[in-house]
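# Chains, contacts and geometry: an overview
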Amino acid sequence: MSRTEDRIVVVTGASRGAGKGIALALGAAGATVYVTGRTRNEGDAGLPGTVLATAEEIDARGGTGVPVICDHSDDAQVADLFARVEREHGRLDVLVNNAFTIPDGLTREGPFWEKPLALQSMFDVGMRSAYVASYHAAPLLVRNNAGLVVNTSSFGGRCYMHGPAYGAGKAAVDKMAHDMAVDFEPYNVAVISLWMGLLKTERNRALFEGVPDRYKSFAAGAESAEFSGRVIDALARHPEIMRWSGQVHIGAELGAELGVVDVDGSSPRSHRGHLGDPPTFSPAVVK
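Residues numbered from 1 in each chain as written. Predicted model: local features only at pLDDT ≥ 70, side-chain atom pairs only at ≥ 80, totals over all residues. Heavy atoms only, no water.

Note the cut-off: UniProt positions are given in the numbering used here, feature names are shortened, and annotations may be inferred rather than shown by experiment.
Per an unreviewed UniProt entry, the protein is named NAD(P)-dependent dehydrogenase, short-chain alcohol dehydrogenase family, and its organism is Actinomadura mexicana. As recorded by UniProt, the Sequence similarities (unreviewed entry) comment attached to the protein reads in full: "Belongs to the short-chain dehydrogenases/reductases (SDR) family."

Below, the structure written as structure tokens:
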């Protein structure tokens, strides 16, 4: 892995939310961070945040932010993104697959057939986009003979959360991390899936104000959007990074293991007791 100040990073879906927080934390550590997203101008989306604003804040924190307008449902745009990284740097150190669509009706109560069929869009920007970005990033990571790929995920990959579309998408990126780790292992590239807790994001702030009873215990222990980025930075710098590869990790627990605290100095708590354990995959490899 390159020195922190030389590290080249791509964080997908970083106009706001978890992606923005992760990008800011990695930028604050001195990295060059390619920030992707669809929002070019403030007001283009229903929530605040743009890729340009995230990149500018990375610059202000001592890193180098590179804004890239990219629709991760368009494979050609994704290919162009990594071709640009190759032209400008010739390598990649960290890829964070965070791009995800949140359709209207996701958190509506009721069975899946009473929710919009459009919830299947999470299979495209989420599950599929993580595969496509990793595919195009792989030659750059392999060239280093070192690197890290992180799929951001959640406890919804194991427990019932928002219905089968959300759950299937999260379970898919968890298993994808395990299987990609098998292919990347000879090249010293680690791959993990990171279960984040409830985050203090632009979207969730409104939720916290009139939080339903079912969310109150989680809201009380919400993590900052930057905490996951701090965990990823610590993992990327660890000399024994490969021992975490191929696994699903709870962000709060991995942070405690790596000595990472949140921006306010607190240690976020794990929701394992309420929501369940990460999956354990078979060590069998069939090629």
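### Observations concerning unusual backbone geometry
Phi is mostly negative for residues that are not glycine, and the peptide bonds are mostly trans. This is how it is decided: We count a stretch as a helix when DSSP gives it H or I for four or more residues in a row; a strand needs E for two or more, and each element gets its number in order from the N terminus.
Phi at Asn 145 is positive, roughly 55°, even though this residue is not glycine. Inspection of the secondary structure puts Asn 145 in the loop between α4 (124-144) and β5 (147-153).

### Topic: the pairing of strand β6 (residues 189-195)
So the rule is basically this: We call a residue buried when its accessible area falls under 20% of the maximum for its residue type, exposed when it is over 50%, and partly exposed in between, using a 1.4 Å probe and counting protein chains only. Only strands joined by at least two bridges in the DSSP assignment are considered to pair. If the strands point away from the viewer and the path from the first strand over the helix to the second runs clockwise, then the crossover is right-handed.
Of all seven residues in β6, seven are buried; the element is thus mostly enclosed. Of the two faces of β6, the one holding Val 189, Val 191, Ser 193 and Trp 195 and the one holding Ala 190, Ile 192 and Leu 194 are both buried throughout. The pairing of β5 with β6 spans seven bridges and is parallel. Bridge assignment links Val 149 to a residue of β6, and that residue is Val 191. With respect to chirality, the unit in which β5 leads through helix α5 (residues 164-184) into the neighbouring parallel β6 is right-handed. Pairing of β6 with strand β9 (residues 247-250), which is carried by four bridges, proceeds in the parallel orientation. For Leu 194, the partnering residue across the bridge sits in β9 and is His 249.

### Here we look at the packing of helix α8 (residues 227-237) against helix α9 (residues 251-258)
Short version of the rule: Helix axes are fitted to C-alpha atoms over the stretch in contact, other axes to C-alpha atoms as well, and angles between N-to-C directions run from 0 to 180 degrees. Oblique is the label for every angle not falling under 35 degrees (roughly parallel), over 145 degrees (roughly antiparallel), or within 65 to 115 degrees (roughly perpendicular). Take the far helix as your reference; a near helix turned counterclockwise from it by less than a right angle gives a left-handed crossing, and one turned clockwise gives a right-handed crossing. Pairs of residues are marked as contacts when any of their non-hydrogen atoms sit within 4.5 Å. Classification convention: Asp, Glu, Lys, Arg as charged; Ala, Val, Leu, Ile, Met, Phe, Trp, Tyr, Cys, Pro as nonpolar; all other residues, Gly among them, as polar.
The contact between α8 and α9 brings their axes to 10 Å, and the two run at 45°. Here α8 is positioned oblique relative to α9, judged by the angle of their axes. In this structure, α8 crosses over α9, and the sense of that crossing is left-handed. Counted together, Phe 227, Val 231, Ala 234 and Leu 235 of α8 and Gly 251, Ala 252, Leu 254, Gly 255 and Leu 258 of α9 form the full contact between these two elements. Of the residues that constitute the contact of α8 with α9, the class distribution is seven nonpolar, two polar and no charged.

### What to know about the sheet that holds β6
Ordered in space as β3-β2-β1-β4-β5-β6-β9, the seven strands form an open sheet in which the pairing is parallel. Bordering the open sheet on either side are β3 (64-69) and β9, each of which pairs with just one other strand. Averaged over all neighbouring strand pairs, the angle between strand axes comes to 20°, with direction disregarded. As paired elements, strand β2 (residues 32-37) and β3 share six bridges and run parallel to each other. Bridge pairing in β3 places Val 33 opposite Gly 65. α5 rests against β5, β6 and β9 of the sheet, and its axis sits at about 165° to β6.

### Notes on the side chain of Asn 151
Applied cut-off: What qualifies as a polar contact is a pair of N or O atoms within 3.5 Å, subject to a donor-acceptor requirement within protein and to the restriction that residues adjacent in sequence count only when both atoms come from side chains.
Its location among the elements puts Asn 151 in strand β5. Here Asn 97 takes part through its side chain, which lies 2.9 Å from a polar atom of the side chain of Asn 151. Dropping the residues within four chain positions of it, Asn 151 is found in contact with Asn 97, Ala 130, Val 173, Met 176, Ala 177, Ile 192, Ser 193 and Leu 194.

### Side note on the environment of Cys 70
Summarising the element assignment, Cys 70 is placed in the loop between β3 and α3 (75-89). Measuring from C-alpha to C-alpha, the distance between Cys 70 and Val 35 comes to 9.2 Å, with 35 residues separating the pair along the chain. In this structure Cys 70 touches Thr 36, Gly 37, Arg 38, Gln 77 and Val 78, once residues within four positions along its chain are discounted.

### Description of the pattern of salt bridges
What counts, and what does not: Any Lys or Arg side-chain nitrogen located within 4 Å of an Asp or Glu carboxyl oxygen qualifies as a salt bridge.
Counted by the stated rule, this structure contains 14 salt bridges. Linking Arg 61 and Glu 57 is a salt bridge whose minimum nitrogen-to-oxygen distance equals 3.0 Å. On the accessibility criterion, Arg 61 (32% relative accessible area) is partly exposed. Judged by its relative accessible area of 27%, Glu 57 is partly exposed. For the salt bridge of Glu 88 with Arg 84, the shortest nitrogen-to-oxygen distance reads 2.9 Å. Placement of the pair is Glu 88 and Arg 84 together in helix α3, with a separation of four residues, close to one helical turn. Looking at Glu 88, the relative accessible area reads 41%, which means it is partly exposed. Classification of Arg 84 as partly exposed rests on a relative accessible area of 26%. Via salt bridges that share partners, Lys 20, Glu 57, Arg 61 and Glu 226 belong to a single interconnected network.

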